[in-house]
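# Coordinate analysis (summary)
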Amino acid sequence: MSKGDQIKPIIQVALDLLETDRAIQIGHEAIEGGGDWIEAGTPLIKSEGMDAIRKLREAFSGKVIVADMKIADTGSMEVEMAAKAGADVVVILGSADDSTVLEAVRAAKKYGARIMADLISTSDPVSRSKELEEMGVDIINVHAGIDQQMMGKDSLSIMKEVVAQVSIPVAIAGGLDAASCSEAVFAGANIVIVGGNIVRSSNVTESSKAIRQSVDSPCAAPILKSSPDEEIRKILEGVSTPNISDAMHRKGAMQDIFSMVSGRRMIGTAVTVQTFKGDWAKAVEAIDVAGKGDVIVIYNGSRHVAPWGGLATQSCLNKGIAGVVIDGAVRDIDDIRSMGLPVFATCNVPNAGEPKGFGEINAEIVCGNQTVRPGDYIIGDDNGVVVIPRERAYEIARRAKEVEKTEQRLFEEISRGSTLSEVMKLKKWEKH
């Protein structure tokens, strides 16, 4: 297959799941929406082995089946395994040794399959693409892996260079949605490989339709410039604190800190305050230091004397401060709730302390048994408060979004009459 042989862009649906039955169900829904090729993702192959490919071949008899083997060695043997199981296209690592690539190509020709080379983590993807084409590879896949995507890397800029250098079809993978698929096809991609934005959607068919429409009418994406902080906040707006905690491997959640204003969400960067029981001077002075979109995070350490109340809350509203978190008590709770500013604390009490002025602003503190530094991202909702270290904010936000997508899909499957344990095959994955 050369570039000229193909007119209609191909949508390859990457079934990066752990169970074949779920993969088949989701695959049918994706095909209904306009998907073309079905990929047995690497996690599925590792979980179910060649049986996954056999079952996909049986379930999708008229479709091209791609086996994402990511072959790094024994190219001939592993291509033979996949091809005999029913794969039409077998994926090898573009960074594999030349001897492995050549053996894979020879085996593919012998068994009637094609070879796709995945450039994930390849040090010089453009030069390697030309070498792979010369060795007989059929398709080049420009791929930013999931962990790389979480760090902000994407495939599109590299793909544009690769397209200009090779004559064989070029695929692109890595966090693609409808907009980026459209842009990729406009830039020369022949195949768009979409995983999470289809298979973890709450409505797989509609998500697949959106991708189909975008690649059939490709266009260049508008240039939108936003700061890293703006992008992080935009992503965090769409996820919950449980999503974030899951993305951080169940870490980051403050202990014994509760929402004082039900239904209010808070996203911002920390201005920290270290003070002492009942001393409210530094807590109030921090309002003058904080700016729009900041969250004031206070360690006070007392459940009986409040360093915060209604007057301080009104002052925050005047400055556009995003919210307040207090390891300690608050008072004037009726006033605070009527104002609507997100406030999180251990409890509410009637009495305040005195403005003695002990402590400091914007030092590293511990709040709710979590270390908080100035500039860390603080997110609060009715579930509680989580802290994201500032240097990992983009990565964690992206990972939390993936968690949210997965939960949406699980909710959809459960709503069809199943249970959580059945959908997740819990007994299968228990340690024995």
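Attention here is on the structure that accompanies the text. Please read these numbers as outputs of a predicted model, since none were measured by experiment.

Thresholds applied
Residues numbered from 1 in each chain as written. Predicted model: local features only at pLDDT ≥ 70, side-chain atom pairs only at ≥ 80, totals over all residues. Heavy atoms only, no water. Pairing = 2+ DSSP bridges. Helix = DSSP H or I, 4+ residues; strand = E, 2+ residues; numbered from the N terminus. Axes fitted to C-alpha atoms, helices over the stretch in contact; angles between N-to-C directions. Contact = heavy atoms within 4.5 Å. Parallel < 35°, antiparallel > 145°, perpendicular 65-115°, else oblique. Core = buried A, V, L, I, M, F, W, Y, C linked by side-chain atoms within 4.5 Å. Buried < 20%, exposed > 50% of the residue type's maximum accessible area, 1.4 Å probe, protein only. Patch = residues over 30% accessible without salt bridge, like charges linked within 9 Å, V, L, I, M, F, W, Y side chains within 5 Å. Areas by Shrake-Rupley, 256 points an atom, 1.4 Å probe, with all protein chains shown as cover. Salt bridge = Lys/Arg side-chain N within 4 Å of Asp/Glu carboxyl O. Left-handed = near helix turned anticlockwise from the far one by under 90°. Expected span 1.5 Å × (residues − 1).

Let us look at the sheet that holds strand E7 (residues 170–173). Reading around the circumference, E1-E2-E3-E4-E5-E6-E7-E8 is the order of the 8 strands in this closed barrel, with parallel pairing throughout. Here the average twist between neighbouring strands, direction ignored, is 25°. Where strand E2 (residues 37–40) and strand E3 (residues 65–71) come together, 3 bridges link them in parallel fashion. Paired with isoleucine 38 across the two strands is isoleucine 65, which belongs to E3. Across the sheet, helix H1 (residues 20–33) touches strand E1 (10–15) and E2, and the angle it forms with E1 is around 160°.

Direction vectors running N to C along helix H14 (residues 281–289) and helix H15 (residues 310–319) enclose 10°, while the axes themselves pass 10 Å from each other. Judged by the inter-axis angle, H14 sits roughly parallel to H15. Seen from H14, the contacting residues are Val284, Ile287, Asp288 and Val289; seen from H15, they are Ala312, Ser315, Cys316 and Lys319.

In terms of nonpolar packing, the biggest core is built from 66 residues, with Ile53 and Val192 touching the most fellow members. Counting residues per element, this core draws most heavily on helix H5 (residues 98–111), at 5 residues. Not counting the four nearest positions on each side in its chain, isoleucine 53 is found in contact with Ala40, Ile45, Ile65, Ala67, Ala82, Ala85, Gly86 and Ala87. Ala286, Ile296, Leu341 and Ala345 belong to the second largest nonpolar core, which has 22 residues in total.

We now examine a nonpolar patch on the surface. Among the surface-exposed residues, Leu420, Met424 and Leu426 lie close enough to one another that they form a single nonpolar patch of about 250 Å² accessible area. As for its placement among the helices and strands, methionine 424 is situated in helix H18 (residues 420–424). Taking relative accessible area as the criterion, methionine 424 reaches 37% and is therefore assigned partly exposed.

For isoleucine 296, the location among the structural elements is in strand E11 (residues 294–299). The exposure class of isoleucine 296 is buried, given its relative accessible area of 0%. Not counting chain neighbours up to four residues away, the residues in contact with isoleucine 296 comprise Val271, Val273, Ala286, Ile287, Ala290, Trp308, Cys316, Ile321, Gly323, Val324 and Val325.

The N-to-C vectors of H1 and helix H11 (residues 204–216) enclose an angle of 40°; their axes lie 7 Å apart at closest approach. Classified by the angle their axes make, H1 and H11 are oblique. The way H1 lies across H11 gives a crossing that is right-handed. Contacts between H1 and H11 involve Ile26, Glu29, Ala30, Glu32 and Gly33 from the first element and Val204, Thr205, Ser208, Lys209 and Arg212 from the second.

Now for helix H17 (residues 393–415). Look at H17: 33 Å from first C-alpha to last across 23 residues, which is about the 33 Å you get at 1.5 Å a residue. Backbone geometry just after H17 places glycine 417 at a positive phi near 115°.

For the rest of this paragraph, the subject is the environment of arginine 22. Along the chain, arginine 22 falls in helix H1. What makes arginine 22 buried here is its relative accessible area of 13%. Distance from arginine 22 to isoleucine 296, taken between C-alpha atoms, is 45 Å for residues 274 residues apart in sequence. Not counting chain neighbours up to four residues away, the residues in contact with arginine 22 comprise Leu17, Arg409, Leu410, Glu413 and Val423.

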